[in-house]
Amino acid sequence: QIKGFIFDLDGVIANTSVFHAKAWHQLADKLGVTWTEDLANQLKGVGRMDSLNLILKSGGKENDYTEDEKVKYATEKNDNYLGLLKGLTDKDILPGMKEFIEDLSANNYLISLASSSKNSPKVLEALDLEKYFDARVDPSTLKNGKPDPEIYVRGAEVLNLKPEECIGLEDAVSGIKSVNGAHETSVGIGDPEILNEADINFTDTSQVTLANIKKAMN
Ligand code: BG6
Ligand code: MG
């Protein structure tokens, strides 16, 4: 029986994945790494330093920089991202997600956040959604980022639920792998061909309702 929902943030609740991609694209250009759709998809859901390493690897530049230089570039990307976040409000919540979260809350489901982003508290606050979350995983306390299952294992633990009692919602391949590895039910939001490892697929957030999820689980 499902008792809890564990949410990714960027690309699931808000359109902020577009901002992350824009800021990484800009850095890739600066580093002389070709930006492709495939690279963009690989980066989705992946933490800050892991993302930079994927970009460098994609350009065959994984040994070109010291750790200090990498931190400098990652910080630069984050500063650009924060600039893009300015003016973010509840109007930037993706279609149907506020209603969905309110519905879960009204039906006494527990809700946690499993975002890789260190900026997630700031984003949730700007969207005025913090009050719906019973708990949050702090990504800075993790040993391994998505696609490792750790963040979704913790997403259930912080709700005092067993993995099989939880559904994880994701827009990223790395995230779906993490939910599946945690033995929870995975809901993929986006292109079903890309998110083909998800247990349940929706092409966009407006289809994500309790009724549709229940229907898909039967
Ligand atoms: C994830 C995003 O939610 O957070 C990634 O999908 C991002 O694009 C990652 O790289 C880490 O975010 P931050 O804000 O801590 O750099
Ligand atoms: Mg995401």
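Everything below is about the structure shown above.
Residues numbered from 1 in each chain as written. Chains lettered and ligands numbered in written order. Predicted model: local features only at pLDDT ≥ 70, side-chain atom pairs only at ≥ 80, totals over all residues. Heavy atoms only, no water.

For the rest of this paragraph, the subject is the site of ligand 1. Around ligand 1 sit 13 residues, and of these D10, R48, S117, K118 and N119 come closest. At 2.9 Å, a backbone N or O of G45 approaches an oxygen atom of ligand 1. Put simply, the parts of the chain that give the shell around ligand 1 at least two residues each are α1 (17–31) and α3 (48–58). Along the lines of polarity and charge, the residues of the shell around ligand 1 split into two nonpolar, eight polar and three charged. (Near = heavy atom within 4 Å. Polar contact = N/O pair within 3.5 Å; in protein donor to acceptor, adjacent residues only side chain to side chain. Helix = DSSP H or I, 4+ residues; strand = E, 2+ residues; numbered from the N terminus. Nonpolar A, V, L, I, M, F, W, Y, C, P; charged D, E, K, R; others polar.)

Our focus in this paragraph is the pairing of strand β2 (residues 110–113). By the bridge criterion, four bridges tie strand β1 (residues 4–7) to β2 in an arrangement that is parallel. Its bridge partner being in β2, G4 is matched across the sheet by L110. Examined bridge by bridge, β2 and strand β3 (residues 135–136) share two bridges and lie parallel to one another. Within β3, the position partnered with L113 by the bridge is R136. In the classification by handedness, the crossover that spans β2, the intervening helix α6 (residues 120–126) and the parallel β3 is right-handed. (Pairing = 2+ DSSP bridges. Right-handed = clockwise from strand over helix to strand, strands pointing away.)

On to the pattern of salt bridges, then. This model, assessed by the stated rule, comprises seven salt bridges. For E67, the salt bridge identified is with K70, shortest N-O distance 3.5 Å. Of the two residues, E67 and K70 are both situated in helix α4 (residues 67–85); the distance of three residues between them amounts to about one turn of the helix. Here K70 falls in the buried class, since its relative accessible area comes to 7%. (Salt bridge = Lys/Arg side-chain N within 4 Å of Asp/Glu carboxyl O. Buried < 20%, exposed > 50% of the residue type's maximum accessible area, 1.4 Å probe, protein only.)

This brings us to helix α5 (residues 97–106). In an α-helix there are 3.6 residues to a turn, and that puts residues three or four apart on one side. For α5, the set of buried residues is M97, F100, I101 and L104. Relative to the axis of α5, the buried residues are bounded by an arc of 95° and lie together on one face. Where the residues of α5 are buried, they touch β1, β2, β4 (166–170) and α9 (210–217). Just downstream of α5, N108 is the residue with a positive phi angle, here 60°. (Arc of directions from axis to C-beta. Contact = heavy atoms within 4.5 Å.)

Time to look at unusual backbone geometry. Put simply, K146 and P147 share a cis peptide bond, and its omega is 15°. Turning to its location among the elements, P147 is positioned in the loop between β3 and α7 (150–157). Despite not being glycine, N108 has its phi angle at roughly 60°, a positive value. With respect to the element layout, N108 can be found in the loop between α5 and β2. Judged by its relative accessible area of 66%, N108 is exposed. One non-glycine residue, D128, lies in the positive phi region at around 60°. Turning to its location among the elements, D128 is positioned in the loop between α6 and β3. A relative accessible area of 37% means that D128 is categorised as partly exposed.

As enumerated under the stated definition, the model contains five aromatic pairs in all. Centroid distance F5 to F100: 5.9 Å. Interplanar angle 85°. Geometry classified as edge-to-face. Here the residue F5 occupies a position in strand β1, and F100 occupies one in helix α5, the gap between them amounting to 95 residues. This pair shows no difference in class: F5 is buried, exactly as F100 is. Ring pairs connect the aromatic residues F5, F7, F100, Y109 and F133, which therefore count as one cluster. A cation over an aromatic ring shows up here: K72 above the ring of Y73, its NZ or CZ 4.8 Å from the ring centre. Of note, K77 hangs over the ring of Y81, and the distance from its end group to the ring centre comes to 4.8 Å. (Phe/Tyr/Trp six-rings, centres within 6.5 Å; stacked < 30°, edge-to-face > 60°. Lys NZ or Arg CZ within 6 Å of the ring centre and 35° of its normal.)

The next subject is the coordination of the magnesium ion (ligand 2). Summarising the metal site, the magnesium ion (ligand 2) is bound by the protein donors D8 (OD), D10 (O) and D171 (OD), whose distances to it range over 2.0 to 2.1 Å. All donors of the magnesium ion (ligand 2) come from a single chain, and their spacing in sequence reads D-x1-D-x160-D. Of the two residues, D8 is situated in the loop between β1 and α1 and D171 in the loop between β4 and α8 (173–181); the sequence distance between them amounts to 163 residues. D171 carries the same exposure label as D8, and that label is buried. (Donors = N, O, S within 2.8 Å, 3.2 Å for Na, K, Ca; no water.)

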